[in-house]
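Coordinate inspection notes
Given next are the chains, with one letter for each unit.
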Amino acid sequence: MSRTKIVVLQLKEIIYTAIFAALGILLVILLIIMFMSDKPEEADSGSDSQAKYKAGVYTSAFTLGDNLLNLEVVVDPNHINSIRLVNLDESVTTMYPLIEPSLASIASQLCNDEVEIDEVKLSEDSKYTQMLLLETVKETLDKASAE
């Protein structure tokens, strides 16, 4: 004759098993979502126009008189976010008062996507200062170029 087997499970074992099973399923779902979400982004970026720049912060140094100045350009793949002079000494701004307004004029044109770098309009008041700054911005953007 066959004997009936009785299996005794404690409630604590059932709860632990259910929790680990749920965590395992959650982990598998998260892995699937994580790897599936990257593929459409890569496909979208390929269908859009090519990125102009590698996103990041780029700097270039230039000499103004006896002073070495650093120009910093922050870019996204298709947009210039900001242009500024880094560690600008007060004596430089005193000796060259047009440097900050000239850079602000260039930055306002480039950061708002109004014009390309070759089409920046220079003011007659600070034409040579703006030409120097614009050449340094071009040099910095060449470093950031995605090509």
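Higher on the page you've got the structure.
Not measured: the values here are computed from a predicted model. (Residues numbered from 1 in each chain as written. Predicted model: local features only at pLDDT ≥ 70, side-chain atom pairs only at ≥ 80, totals over all residues. Heavy atoms only, no water.)

In this section: the side chain of Ser-126. Its place among the elements puts Ser-126 in the loop between α3 (99-111) and α4 (127-144). A relative accessible area of 8% places Ser-126 in the buried class. Looking at Ser-126, its side chain comes within polar contact range of the side chain of Ser-102, at 3.1 Å. (Helix = DSSP H or I, 4+ residues; strand = E, 2+ residues; numbered from the N terminus. Buried < 20%, exposed > 50% of the residue type's maximum accessible area, 1.4 Å probe, protein only. Polar contact = N/O pair within 3.5 Å; in protein donor to acceptor, adjacent residues only side chain to side chain.)

Take the pattern of salt bridges next. According to the stated counting rule, one finds four salt bridges in the structure shown. Among the salt bridges present, the one from Glu-116 reaches Lys-52, with a minimum N-O distance of 3.4 Å. Note that Glu-116 is positioned in the loop between α3 and α4 and Lys-52 in the loop between α1 (11-47) and β1 (56-64), a separation of 64 residues in sequence. Here Glu-116 falls in the partly exposed class, since its relative accessible area comes to 42%. With a closest N to O distance of 3.8 Å, Lys-138 and Glu-135 form a salt bridge. In this pair, Lys-138 and Glu-135 both sit in helix α4, three residues apart, roughly one turn of the helix. (Salt bridge = Lys/Arg side-chain N within 4 Å of Asp/Glu carboxyl O.)

What follows covers the nonpolar core. Leu-71, Val-75, Ile-80, Ile-83, Leu-110 and Leu-141 are the most contacted members of the largest nonpolar core, which has 25 residues in total. Of all the secondary-structure elements, those providing two or more residues to this core are β1, β2 (67-75), β3 (80-86), α3 and α4. The biggest single contributor to this core is α3, with six residues. In this view, Leu-110 contacts Ile-80, Ile-83, Val-115, Glu-116, Ile-117, Val-120 and Val-137; residues no more than four positions away in its chain are not counted. (Core = buried A, V, L, I, M, F, W, Y, C linked by side-chain atoms within 4.5 Å. Contact = heavy atoms within 4.5 Å.)

Of note, Thr-136 is situated in helix α4. Dropping the residues within four chain positions of it, Thr-136 is found in contact with Ser-60, Phe-62 and Leu-71.

Looking now at the pairing of β1. For β1 and β2, the ladder comprises nine bridges, and the chain directions are antiparallel. Residue pairing across strands places Ser-60 opposite Leu-71, the latter belonging to β2. In this structure, the hairpin formed by β1 and β2 is closed by a connection of two residues, where Gly-65 is found at a positive phi of approximately 70 degrees. (Pairing = 2+ DSSP bridges.)

Relative to the 26 Å expected for 18 residues at 1.5 Å per residue, α4 spans 25 Å between its end C-alpha atoms, a close match to the ideal helical length. Those residues of α4 that are buried are in contact with β1, β2, β3 and α3. (Expected span 1.5 Å × (residues − 1).)

Before going further, it helps to spend a moment on the sheet that holds β1. A sheet is described by the order of its strands in space; here three strands give the open sequence β1-β2-β3, paired in antiparallel fashion. A single partner strand is all that each edge strand has here, and the edge strands are β1 and β3. Each neighbouring strand pair of the sheet contributes to a mean axis angle of 20 degrees, computed without reference to strand direction. As defined by bridge partners, β2 adjoins β3 across six bridges and the pair is classed as antiparallel. Looking at the pairing, Glu-72 lines up with Arg-84 of β3. Along the sheet, α4 makes contact with β1, β2 and β3, crossing β1 at roughly 145 degrees. (Axes fitted to C-alpha atoms, helices over the stretch in contact; angles between N-to-C directions.)

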